[in-house]
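# Coordinate inspection notes
Here is how the chains run, residue by residue.
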Amino acid sequence: MGRHGLDAILASAGLTALSSNPPPNTLDRAFDFAQLSKINAALDDLYGARGGRGMALRTGRAWFALGLIQFGALRGIADPAFRALPLEDRSRVSLKALADIFSNFTDQTSRVEEDANAFRFIVHPSPFAYGRTTDRPVCHPLVGLLQEHQRWASNGREYVVRETQCAASGDDHCVFLINKHAIS
């Protein structure tokens with residue numbers, strides 16, 4: 001996207017002040033969900049639904065790989081003891097750690113449920129659907145983040161992750177379905 005692309009996104013979202021004055025890199029809850037939602041909507045406005053989704057997925061992957069992987073309990077994802085766990089257990093343990101991080105350090109409450117075939121990562125409220133009304137799921141940055149999480153937890157395997165319910169399209173909360181079986 002580059003600097004000019006970022007400036008265009010922020011201008012489209014009505015957040016030009018963030019270009020020269022970004023929020024501090026702290027654990028303070030200084031970045032409002034309404035701002036994240038506006039940035040997410042601006043991606044769709046400027047790049048179209050497919051292009052915006054692609055940019056948002058890449059953003060979510062980078063968010064995990066460059067930031068969250070070093071955070072708290074997720075830091076141990078590369079530990080040999082963690083790597084010795086069966087693959088499904090690694091996903092379960094690290095998804096629950098990720099949900100705890102979001103629940104404890106943001107205004108987003110997250111939890112994990114599972115059945116025989118999939119994990120469900122449940123989010124309320126979603127910072128990317130906050131205040132939006134759409135006819136389709138829009139929390140693509142969280143999809144990308146969960147895809148990258150699964151890649152790290154599984155030594156590079158790829159998993160299908162899709163948002164099956166979205167608050168922006170009228171659901172009570174956002175639900176992300178993560179298949180337990182890798183596609184590669």
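Provided above is the structure to which this section pertains.
Residues numbered from 1 in each chain as written. Predicted model: local features only at pLDDT ≥ 70, side-chain atom pairs only at ≥ 80, totals over all residues. Heavy atoms only, no water.

## Focus: the overall build of the protein chain
Put simply, the test is: Where helices and strands are cited, they refer to DSSP runs of H or I of at least four residues and of E of at least two residues respectively, numbered from the N terminus. We compute the radius of gyration over the C-alpha atoms and compare it with the globule rule, which gives 2.2 Å times the number of residues raised to the power 0.38. For every residue, the accessible area (1.4 Å probe, protein chains only) is compared with the maximum for its type, and the residue is labelled buried under 20%, exposed over 50%, or partly exposed between those bounds. What makes two residues a contact is simply this: any of their non-hydrogen atoms within 4.5 Å. Within this scheme the basic residues Lys and Arg register as positive and the acidic residues Asp and Glu register as negative, but His and the chain ends are omitted. The atoms used to mark charge sites are NZ of Lys, CZ of Arg, CG of Asp and CD of Glu.
For the protein chain, the helix and strand inventory stands at six helices and four strands. Helices and strands in the protein chain line up, N terminus first, as α-α-α-α-α-β-β-α-β-β. Taken over the C-alpha trace, the protein chain has a radius of gyration of 16 Å; the compact-globule value for 184 residues is 16 Å, and the two agree within 12%. Overall, the protein chain is about 45 × 35 × 30 Å in size when its C-alpha atoms are taken along their principal axes. The buried share of the protein chain, reckoned over its 184 residues, is 41%. In the protein chain, once contacts between residues fewer than 6 apart in sequence are set aside, the share between residues at least 24 apart is 61%. The positive charge centre, built from 20 side chains, and the negative charge centre, built from 19, are 5 Å apart in the protein chain.

## Details of a nonpolar patch on the surface
For clarity, the cut-off: Candidate patch residues must exceed 30% relative accessible area and have no salt bridge, after which like charges are joined if within 9 Å and Val, Leu, Ile, Met, Phe, Trp or Tyr side chains if within 5 Å. Under the convention used here, a 1.4 Å probe and the Shrake-Rupley method define accessible areas, while residue burial counts only the protein chains that appear. The salt bridge criterion pairs a side-chain nitrogen of Lys or Arg with a carboxyl oxygen of Asp or Glu, the two atoms within 4 Å.
A cluster of nonpolar residues, M1, L6, L46 and Y47, forms a patch on the protein surface that exposes about 350 Å² of accessible area. Of note, L6 is situated in helix α1 (residues 2-12). Classification of L6 by relative accessible area gives partly exposed; the value is 32%.

## Side note on the sheet that holds strand β4 (residues 174-179)
Here is the rule we go by: Paired strands, in this sense, are two strands between which DSSP finds at least two bridges. Only C-alpha atoms enter the line fits that serve as axes; for helices the fit covers just the stretch in contact. Angles between N-to-C directions range over 0 to 180 degrees.
The sheet built from four strands is open, its strands ordered β1-β2-β4-β3 with antiparallel pairing. Both edges of this open sheet fall to β1 (109-114) and β3 (161-165), since each of them pairs with a single strand only. Put simply, the sheet's adjacent strands are angled 25 degrees from each other on average, direction ignored. In this sheet, strand β2 (residues 118-124) lies alongside β1 in antiparallel orientation, the contact comprising six bridges. Considered in β2, the bridge of R111 is made with I122. This element, helix α5 (residues 87-105), spans β1, β2 and β4 of the sheet and lies at about 160 degrees to β1. Packed on one face of the sheet, helix α6 (residues 140-153) meets β2, β3 and β4 and runs near 30 degrees to β4.

## Topic: the layout of surface pockets
Our working definition: Grid spacing is 1 Å over the protein atoms alone, the probe is 1.4 Å, and a cavity is where that probe fits but cannot get out, while a pocket is an open set with protein on both sides within 12 Å along at least five of seven lines and lining residues have an atom within 4 Å of a point. Grid points are joined across faces, edges and corners, and a volume is the space filled by probe spheres set on the points. Think of it as three bins: nonpolar holds Ala, Val, Leu, Ile, Met, Phe, Trp, Tyr, Cys and Pro, charged holds Asp, Glu, Lys and Arg, and polar takes everything else, Gly as well.
For the largest pocket, the calculated volume is near 1,500 Å³. What lines the largest pocket is a set of 40 residues, and nearest its centre among them are P23, N25, F31, L36 and W63. Listed by contribution, the elements that provide at least two residues to the lining of the largest pocket are α1, α2 (17-20), α3 (33-66) and α5. Looking at the lining of the largest pocket, its residues break down into 27 nonpolar, eight polar and five charged.

## What about the packing of aromatic side chains?
Note the following rule: Planes of paired rings set the category: under 30 degrees apart is stacked, over 60 is edge-to-face and the rest tilted, where pairs are Phe, Tyr or Trp rings (Trp by its six-membered ring) whose centres lie within 6.5 Å. By definition here, charges over rings are those cases where NZ of Lys or CZ of Arg is within 6 Å of the ring centre and within 35 degrees of the ring normal.
For the structure on display, the rule yields four aromatic pairs. The ring of F119 has K180 lying over it, and the distance from NZ or CZ to the ring centre is 4.9 Å.

## Some thoughts on the pairing of β4
Burial within β4 is extensive, with five of its six residues counted as buried. The sheet contact formed by β3 and β4 spans four bridges and is antiparallel. Bridge pairing in β4 links V161 to I178.

## Looking at the nonpolar core
Our working definition: By nonpolar core we mean a set of buried residues, namely Ala, Val, Leu, Ile, Met, Phe, Trp, Tyr and Cys, connected to one another through side-chain atoms within 4.5 Å.
Ranked by size, the top nonpolar core spans 32 residues in total, and within it L68, L98, F121, C139, L146 and F176 carry the most contacts. Of all the secondary-structure elements, those providing two or more residues to this core are α3, α5, β2, α6 and β4. With six residues, α5 is the largest single contributor of residues to this core. When near neighbours in sequence (up to four residues on either side) are disregarded, L68 contacts W63, L74, L98, I101, F102 and L145. In terms of nonpolar packing, the next biggest core, distinct from the first, is built from nine residues, L15, L18, A42 and M55 among them.

## A short note on the pairing of β2
Burial within β2 is extensive, with five of its seven residues counted as buried. What sits between β1 and β2 in their antiparallel hairpin is a turn of three residues. Sheet topology note: the β2/β4 ladder contains six bridges and is antiparallel. Following the sheet pairing, F121 is matched in β4 by F176.

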